[in-house]
Structures are given as structure tokens and as C-alpha cells.
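These are the residues of each chain, in order.
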Amino acid sequence: MSRRVALLGKPVAESLSPRMQNAAFAAAGLDWEYVALEVEPEGLEPAVRRDWAGANVTIPYKQVVAALCDEAEDESVNTLVFRDSRVLGFNTDQEIVAGIEATRVCLIGAGGAAHALLPGLQGEVRMFSRSGEWPPDASDADLVVNATPVRDELLVRPRAGQTVVDLAYRADGRPTALVEAARAVGCRVVVDGLEALVRQGAASFERWTGVAAPVEVMRAALGLAP
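Conventions used here
- One numbering rule holds for all chains: residues counted from 1, following each sequence as written.
- Whole-chain, interface and lining totals are the exception, using all residues; otherwise, since this is a predicted model, local features are given only for residues with pLDDT of at least 70 and side-chain atom pairs are given and counted only at 80 or more.
- Note: side-chain values were computed over all heavy atoms of the structure, leaving out hydrogens and water.
- For the purposes of this section, nonpolar cores are sets of buried Ala, Val, Leu, Ile, Met, Phe, Trp, Tyr and Cys residues that join through side-chain atoms within 4.5 Å.
- The buried label applies to any residue whose accessible area, calculated with a 1.4 Å probe on protein chains only, is under 20% of its type's maximum; exposed applies above 50%, and partly exposed to all values in between.
- For the purposes of this entry, the term helix denotes a DSSP run of H or I that reaches at least four residues, the term strand denotes a run of E that reaches at least two, and both are numbered from the N terminus.
- Contact criterion: two residues are considered in contact whenever any of their non-hydrogen atoms come within 4.5 Å of each other.
- Pairs of N or O atoms within 3.5 Å make up the polar contacts considered here, provided that, within protein, one atom can donate a hydrogen while the other can accept it, and that residues adjacent in sequence are counted only when both atoms are side-chain atoms.
- By definition, two strands form a pair when at least two bridges between them are found by DSSP.
- For the handedness criterion, the strands are oriented away from the viewer, and a crossover whose path from the first strand over the helix to the second runs clockwise is classed as right-handed.
- The aromatic pairing rule takes the rings of Phe, Tyr and Trp, using the six-membered ring of Trp, and pairs them if the centres are within 6.5 Å, calling planes under 30 degrees apart stacked, those over 60 edge-to-face and the rest tilted.

**Structural notes on the nonpolar core**
Part 1 of the argument: The biggest cluster of nonpolar side chains holds 24 residues, and the ones touching the most others in it are V5, F25, W208 and L222.
Part 2 of the argument: Ranked by residue count, the leading element in this core is helix 5 (residues 193-209), at 6 residues.
Part 3 of the argument: Once residues lying within four places of it in the same chain are set aside, the contact partners of V5 are F25, W32, E33, Y34, V35, W52, A53, G54, A55 and W208.

**Looking at the environment of S139**
Part 1 of the argument: On the secondary structure map, S139 appears in the loop between strand 8 (124-128) and strand 9 (143-146).
Part 2 of the argument: Given a relative accessible area of 52%, S139 falls into the exposed group.
Part 3 of the argument: As for S139 and E71, which are separated by 68 residues in sequence, their C-alpha atoms are 39 Å apart.
Part 4 of the argument: Of the polar contacts made by the side chain of S139, one reaches the side chain of D137; its length is 2.8 Å.

**A word on the pairing of strand 2 (residues 32-38)**
Part 1 of the argument: The sheet contact formed by strand 1 (residues 3-9) and strand 2 spans 7 bridges and is parallel. Looking across to strand 2, one finds that R3 is bridged to W32.
Part 2 of the argument: Of the crossover connections in this fold, the one passing from strand 1 over helix 1 (residues 17-27) to the parallel strand 2 is right-handed.

**Focus on the packing of aromatic side chains**
Part 1 of the argument: All told, the structure shown has 3 aromatic pairs when counted by the stated rule.
Part 2 of the argument: Seen in terms of ring centroids, Y34 and W208 are 6.1 Å apart; in terms of plane orientation they differ by 50°. Their pairing is tilted. Remark: W208 occurs in helix 5 and Y34 occurs in strand 2; sequence separation between them is 174 residues. Like Y34, the residue W208 is buried in the burial classification.
Part 3 of the argument: Following the ring pairs from residue to residue traces out a cluster consisting of F25, W32 and F205.

Distances and angles like these do not, on their own, reveal function.
Structure representation (C-alpha cells):
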């Protein structure tokens, strides 16, 4: 009987994680299945307590689920490991920005995704959200990060020389407004939502399985170049 890994969140219908992770399980010779499960707020704890081999958690539950863990690495977690009847929460989102050098960061968003990135960000971080400081100001930033699901609206105008990271992506692979603008002006490095998905997903895969993630297989499943 295959082991199952869940993606818990709302919405999850357009997530490409099942495609990516199922390709990775097959490449690793594992009889595992990754499924997306849309969960209402009142159903989150029962969903977490089901018999999973592992789980990812996405919008809007990354902070809420940390409180349901027996141990949580951070205040915001996206990866659950089930071991000895205990729920362990890990933050693999920080791998998305790991190693990116910056002195000033414009971080757009103040939810679970934004907070998950904070441990991996270097330099002075200025956080922007519609419920706080708005609009975003990236004029003095060398790193711009969109940690919101906004894809079609250009929340900030990037400039040449900046590094841009966008967690949002389109299921059909077309670039978001931010990624398109960043490439057009010649930003130094552009990490789009698909590349971000691979970075955090590979770290999650290794947490669940204990084996090295087949990263190139995961990238190919999303249509990314080697």
C-alpha cells in the first residue's frame, strides 16, 4: 500500500506540487503519492491528525499549523514530518532565499509565507503589507521579494541590478507581472515561483523520505531548464 503525503491549504487546486513531488517519488523508486487537499479552517487539525507519511502546508495555514505541532522549527512552517506519534514542523521555505546576498530587502507580504522567509534573509528587512506600511518601496533595496499570491498586479517596479524573488506562479508557466518586469529591466538574478517551488519542495522531500531529492526531475516536471 502506497504512503501518502498531503498538501493542506485553501486554495490548492492550481498547485503544481503534486506533479513535482509525484515525479520525484517515482524517480526515487518510492511507492508514495502526493495529494492536494483543500481544507476549511475548522478542518485543519483533523486533517493534520490523519495518517500521512508527511505533509506540506500552504496559504493560509503556515502560522496556524505551527501551534498544532509537537515541535515547530519556526513560527511559520510549511513541512510536517510524522514521527513516533508526534507532529514535527519544519520551515523549508527559507531555502528559497538561502545564500542570496543582500543588504536591504523589500519584503512584500506579512503572512505565513513572508514570515517563513525571514530566517533565510540577509540584511535589513523592510516588510510591506496592505494592513501595515503600503505601498511597497524598493528604491533602496537590492533584494525584492514578493511573498503574496499576487500574480497579475505589479506591486513594485524593479530596476536593473536588483535581485527579485517571486513566490507566486501561474499553473501554465507564464511569468507573473513582477517576474516579467524584472527580466525586462535586466535584474541581476530572478527567482520565479516555479524555481522557488523546487527549492522548498526538494528540502521537504528530503525531510519526509531521508533520501536525496532528484532535483533535476522535479525541475523537469515543472518545465524548467536543467
